[in-house]
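Chain residues, written in single-letter form:
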Amino acid sequence: MSARILDGKAIAAEMREELKAKVAELKGKGVTPGLGVLLVGDDPASRSYVTAKEKACENTGIYSREERLPATATREEILNVVNAYNADDRINGILVQLPLPDKSMEQAVINAIDPDKDVDGFHPVNIGRMLLGEPCFLPCTPHGILHILKRSGIKTSGADVVVLGRSNIVGRPLVNMLTQKSDMGNATVTMCHTRTKDVAKYTREADIVVAAAGVPNALTADMIKDGAVVIDVGVNRVEDASAKRGYRLVGDADFDACKEKASAITPVPGGVGPMTITMLLYNTVESAARRVS
Ligand code: GUN
């Protein structure tokens, strides 16, 4: 069997058209959604993510503003930018690109973001609301995965799902969202991580496997059952002398081999990545919409 390719780029484009219409409607009511971005340091991957997010804002009609600080920025300097965004009425959403050069500052910085502008869904208040199933900003990557599944007609209700990876950004929130009693949840979920004794024992039983380990080839074809759905969250740079930039992007799954066994699979790039950005736009528009209702 050759798997159906779940085209995240196309689904993202479809959702962005819907968001464009919503932005136009909000503008008609005098509200322009605004995103405040903070990039600390000069990590090339973070730089390119931020540029992609800003470009996506522009294409959707969302106002965006960027502040940059050097890698040596103090906690106070970072918090000053966050506080300025918190106080700025034109800014409905705040994005502090992670990781910060000093990872030990991250939680304090996230905690300083107004939960009502926390369009990443990383603030403890939003995580608590998510756990309780209350309205909140959902973290963008797991939320995007649920939309890929939904818009591709793949049911999570009653499905056995295995999530590889326990990050705060993807694995942990995704497990929670998939277990909610909701139209994009109702799954039975197992989370595997670096201390799981036998990962394949779990993935071989799964209807849906989400690979979010951050390791190339963490999921190989022998680890999935025939007809499984594979969602690949990995964005790994591997050296490739024949590529223009000297590297190419690969996911966490062995795409070529898994594609022959799975019923559906997301590619890298062009799968989950474009959805992450789209859900950031979605949350920013949602935040702005709260102003008018
Ligand atoms: N770094 C990697 N993914 C993300 C994300 O979704 N949001 C932020 N702020 N930083 C990230």
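On a predicted model such as this, the values are computed, not experimentally measured, just so you know. (Residues numbered from 1 in each chain as written. Predicted model: local features only at pLDDT ≥ 70, side-chain atom pairs only at ≥ 80, totals over all residues. Heavy atoms only, no water.)

Trainee: Describe the pairing of strand β2 (residues 34-40), with residues and values.
Mentor: The buried fraction of β2 amounts to seven of the seven residues, a majority that puts the element mostly inside the structure. As paired strands, β2 and strand β3 (residues 63-69) are joined by seven bridges and run parallel to one another. The residue of β3 that forms the bridge with valine 40 is leucine 69. By the bridge criterion, four bridges tie β2 to strand β4 (residues 93-96) in an arrangement that is parallel. Directly across from leucine 35, in β4, lies its bridge partner glycine 93. (Buried < 20%, exposed > 50% of the residue type's maximum accessible area, 1.4 Å probe, protein only. Helix = DSSP H or I, 4+ residues; strand = E, 2+ residues; numbered from the N terminus. Pairing = 2+ DSSP bridges.)

Trainee: Any chance you could break down the pattern of salt bridges for me, citing the residues and the numbers?
Mentor: Enumeration over the complete set of coordinates arrives at 15 salt bridges. Where glutamate 25 meets lysine 29, a salt bridge forms, and the shortest distance between an N and an O atom there is 3.6 Å. The exposure class of glutamate 25 is partly exposed, given its relative accessible area of 45%. In this structure, glutamate 67 and arginine 65 form a salt bridge, with 2.8 Å as the shortest nitrogen-oxygen distance. Of the residues examined, glutamate 67 reaches a relative accessible area of 27% and is grouped as partly exposed. Each of Arg65, Glu67, Asp88 and Arg90 takes part in salt bridges that share partners, so that together they form one network. (Salt bridge = Lys/Arg side-chain N within 4 Å of Asp/Glu carboxyl O.)

Trainee: Talk me through unusual backbone geometry; I want residue IDs and the actual numbers.
Mentor: Leucine 98 connects to proline 99 through a cis peptide bond whose omega is 0°. Tracing the backbone shows proline 99 in the loop between β4 and α4 (106-112). Put simply, valine 268 and proline 269 share a cis peptide bond, and its omega is -5°. Along the chain, the position of proline 269 falls in the loop between β11 (264-265) and α10 (272-292). Not every positive phi belongs to a glycine, and asparagine 186 is a case in point at roughly 60°.

Trainee: Give a description of the site of the ligand that names residues and reports values.
Mentor: Taken together, Lys53, Leu95, Val96, Gln97, Leu98, Asp120 and Phe122 make up the full set of residues near the ligand. Contact between the ligand and glutamine 97: a nitrogen atom at 3.3 Å from a side-chain N or O atom of the residue. Backbone polar atom of leucine 98 to a nitrogen atom of the ligand: 2.8 Å apart, as the coordinates give it. Protein chains shield 84% of the accessible area of the ligand, which is 280 Å² for the free molecule. In terms of residue class, the shell around the ligand is built from four nonpolar, one polar and two charged. (Near = heavy atom within 4 Å. Polar contact = N/O pair within 3.5 Å; in protein donor to acceptor, adjacent residues only side chain to side chain. Areas by Shrake-Rupley, 256 points an atom, 1.4 Å probe, with all protein chains shown as cover. Nonpolar A, V, L, I, M, F, W, Y, C, P; charged D, E, K, R; others polar.)

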